[in-house]
Amino acid sequence: MTVGVLGAGALGQLLAHQLIEHGLPAHLLTRPGGQPETLPHQLIGLDGQTRQAELPRHPSDRPNPLSLVLVLTKAHHCLEALAPLMTWLPNSVPVVLLHNGLGPQFEAPKRWPTHSWWAGSLTDGALRLAPRQVRHTGQGVRRAGPLGPDAPIPPALATLGFESDPDILAALWQKLTVNLVINPLTARDRVPNGALLKAAYQPEIAALCQEITALGQALGYPEPAEAVRDRVLTVAQATAANRSSMLQDVEAGRPTELPAITGYLLAEARRLELPCPHHRRLMASLAPA
Ligand code: PAF
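Residues numbered from 1 in each chain as written. Predicted model: local features only at pLDDT ≥ 70, side-chain atom pairs only at ≥ 80, totals over all residues. Heavy atoms only, no water.

**Notes on the packing of aromatic side chains**
At step 1: Across all of its chains, the model carries 3 aromatic pairs by this definition.
At step 2: Taken together, a centroid distance of 6.4 Å and an interplanar angle of 15° make the contact between Phe-106 and Tyr-264 stacked. Taken together, the residues span a long stretch of sequence, with Phe-106 in helix α3 (residues 104–111) and Tyr-264 in helix α9 (residues 262–271) at a distance of 158 residues.
At step 3: Exposure remark for Tyr-264: the relative accessible area of 13% places this residue in the buried category.
At step 4: A ring pair is formed by Trp-173 and Tyr-221, whose centres lie 5.4 Å apart and whose planes are at 15°; its orientation type is stacked. Of this pair, Trp-173 sits in helix α5 (residues 168–189) while Tyr-221 sits in the loop between α6 (202–219) and α7 (225–238), and the two are 48 residues apart along the sequence.
At step 5: The exposure class of Trp-173 is buried, given its relative accessible area of 2%. (Phe/Tyr/Trp six-rings, centres within 6.5 Å; stacked < 30°, edge-to-face > 60°. Helix = DSSP H or I, 4+ residues; strand = E, 2+ residues; numbered from the N terminus. Buried < 20%, exposed > 50% of the residue type's maximum accessible area, 1.4 Å probe, protein only.)

Below is the structure:
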């Protein structure tokens, strides 16, 4: 049965292409009220080869027999984009939230409690070169797990190389720790990820990691600040030439995922009465005036 992909940005199109390459039908779920149509798309793979595919688009408010839904919208669009789908999607169809940041992973199951919610992360690099042309720039690690009771990984997710992770919230926290440092710093200074390896950034990175560690401890994700810093620097090194998703959003004048990344950390810190002055300053330097 068909996999629905909500959010047709670079990663959404990449996964739709990969599903079709594996012989699994995929639909890009588009804004409500439109007409179904099929349009030509291009993917430039890691091997530099260009592949063409006809990707069907289906309005998200029209019932459609789906076996799985992958949500690749930005964090701040996630709940709004899900609403038309939730009016008809059967409860048994797993919905997998794959955006950066935290927040909707707790909100969506509260808002639609009878659905089968999953969350995951993928660290692949992908760049949208034109509205229907994407380049896969880096193979990442893909993980997913249920937000409710334990369940076997849906076959289409396994086909896409997602590893099943029964403690997905801990994995999402680890991904968040990376995004909390790389995304706002690169967006503020308009530099590629690799710039953060320079000596001049290390005191600020160390201070941000200290604050992350203090909050992680309180939330039940204990880890030394050095472990957080090593993870951040390893990702910065591995993705040195990439422009982070937040930098791309800032450069394109789009809203960023700052509220689901630094905003989430600051809200939790406020709740737990933990000071986070470095993250607060970073947020202030990026928040729209
Ligand atoms: O959001 C991003 O850009 C990515 O999650 C990461 C890992 C920071 C690499 O650029």
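Still to come is the rest of the account.
**Section: unusual backbone geometry**
Glycine aside, negative phi is the norm for most residues, and most peptide bonds take the trans geometry.
At step 1: The residue Arg-190 is not glycine, and still its phi comes out positive at about 55°.
At step 2: Turning to its location among the elements, Arg-190 is positioned in the loop between α5 and α6.
At step 3: Since its relative accessible area comes to 49%, Arg-190 is described here as partly exposed.
At step 4: Located in the positive-phi region is Glu-273, a residue other than glycine, with phi close to 55°.
At step 5: Here Glu-273 falls in the exposed class, since its relative accessible area comes to 72%.

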